[in-house]
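An overview of the molecular structure
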Amino acid sequence: MAEIKIIGVLGSGQMGSGIAQIAAMHGIDVYLLDTDPQALSRATDSISASIRRLVSRGHLSQAAGTDAMRHLRCTSNLEELHQADFVIEAIVESEDVKKTLFLQLDKITKSSAILASNTSSISITRLASSTRRPHQVIGMHFMNPPPIMKLVEIVKGADTSDETFAATKALAERLGKTVITSQDYSGFIVNRILMPMINEAFFTLYTGVATKEDIDKGMKLGTNHPMGPLELADFIGLDVCLSIMKVLHAGLGDNKYAPCPLLVQYVDAGRLGRKRGIGIYDYRKVPKSAKLDSRL
């Protein structure tokens with residue numbers, strides 16, 4: 001396949017903006033797309049601030065930081081992706097919404113373009129079925145937050161070609177990532193293991209075994225995890241955790257993957273974690289200096 005020179009990233013949330021930042025910092029022209037202009041504005045500010053921090057800490061030269069921002073273009077027009085060599089979808093974790101988007105991308109992008117999904121659990125084979133190029137559809141799951149985490153999980157669908165896999169792996173490595181490969185099973189590798197652990201932490205809280213603080217402290221100090229499972233769930237987003245558990249439960253057909261009622265209740269209440277200011281923990285009164293930053 002020809003060199004990947006232009007990337008489209010769909011979705012300007014934490015994952016999409018992080019992926020766009022990495023690509024821009026590695027000299028690739030990036031079109032970051034979102035239908036919400038305000039979300040795009042927030043993403044641009046976030047990327048700019050992140051690059052400024054890297055420059056101030058000596059991790060990036062001023063010239064490289066300026067160059068990275070030149071490689072970034074924000075747009076709300078899907079048609080602008082018609083020249084993209086590689087597209088990474090990082091929108092809401094909904095199969096129906098993603099399939100609709102892939103159907104549109106299949107019509108808009110050039111025939112040689114690879115269409116990748118950053119999904120953390122949804123079948124790549126089913127997403128690919130909405131296109132006329134299933135051999136060029138692949139899973140490219142970045143870890144959160146993308147600029148910090150070194151891992152990319154690549155998922156081959158039933159029809160994903162070896163050429164598509166090789167090009168995706170090469171791109172991930174070009175972005176400085178370490179690659180692991182998963183077959184197309186619900187949850188893939190990381191979330192197949194991680195989300196049941198988080199779900200079990202909710203059950204531990206739900207049944208009154210321990211307080212949220214002691215659950216998190218126990219896992220941090222007892223298993224050397226950098227964050228406790230409930231704190232991590234808040235960081236990921238409780239709605240995302242619930243969505244993945246539902247995919248695992250439906251896809252694997254085992255009740256051990258049934259979402260904890262407490263997790264469901266928190267999502268129903270809109271307590272989605274850090275992005276809403278409240279989840280398992282309340283972040284609304286936490287000073288900015290104490291909030292999660294790039295030291296993770």
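The structure under discussion appears in the preceding block.
Conventions and cut-offs
Residues numbered from 1 in each chain as written. Predicted model: local features only at pLDDT ≥ 70, side-chain atom pairs only at ≥ 80, totals over all residues. Heavy atoms only, no water. Salt bridge = Lys/Arg side-chain N within 4 Å of Asp/Glu carboxyl O. Buried < 20%, exposed > 50% of the residue type's maximum accessible area, 1.4 Å probe, protein only. Helix = DSSP H or I, 4+ residues; strand = E, 2+ residues; numbered from the N terminus. Contact = heavy atoms within 4.5 Å. Polar contact = N/O pair within 3.5 Å; in protein donor to acceptor, adjacent residues only side chain to side chain. Phe/Tyr/Trp six-rings, centres within 6.5 Å; stacked < 30°, edge-to-face > 60°. Lys NZ or Arg CZ within 6 Å of the ring centre and 35° of its normal.

Here we look at the pattern of salt bridges
Counting across every chain of the model gives 14 salt bridges. One salt bridge in this structure joins Glu93 and Lys98, with 3.6 Å as the shortest N-O distance. For Glu93, a relative accessible area of 16% gives the class buried. Among the ionic pairs, Arg133 bridges to Asp106, the shortest N-O distance being 2.7 Å. On the criterion of sequence distance, the pair formed by Arg133 in the loop between helix H5 (124–128) and strand S6 (137–142) and Asp106 in helix H4 (residues 95–108) is long-range, its members being 27 residues apart.

Comments concerning the environment of His249
Mapped onto the secondary structure, His249 falls in helix H10 (residues 238–252). Counting along the chain gives 10 residues from His249 to Pro259, while the straight-line C-alpha distance between them is 7.9 Å. Leaving out residues up to four positions away in the same chain, His249 has contacts with Asp254, Asn255, Tyr257, Ala258 and Pro259. Within the structure, His249 has its side chain in polar contact with the side chain of Asn255 (distance 3.1 Å).

With respect to the packing of aromatic side chains
With the rule as written, the count across this model stands at two aromatic pairs. Look at Phe202 and Tyr266: their rings are 6.5 Å apart centre to centre, the planes differ by 75 degrees, and that puts the pair in the edge-to-face class. Of the two residues, Phe202 is situated in helix H7 (residues 190–206) and Tyr266 in helix H11 (residues 261–268); the sequence distance between them amounts to 64 residues. Neither residue differs from the other here; Phe202 and Tyr266 are each classed as buried. Where Phe203 meets Tyr206, the ring centres are 6.4 Å apart and the plane angle is 70 degrees; that geometry is what we call edge-to-face. Taken as a pair, Phe203 and Tyr206 lie in helix H7 at a separation of three residues, close to a single helical turn. We classify Tyr206 as partly exposed; its relative accessible area is 46%. One Lys or Arg, Lys156, reaches over the ring of Phe165 and ends 5.4 Å from the middle of that ring.

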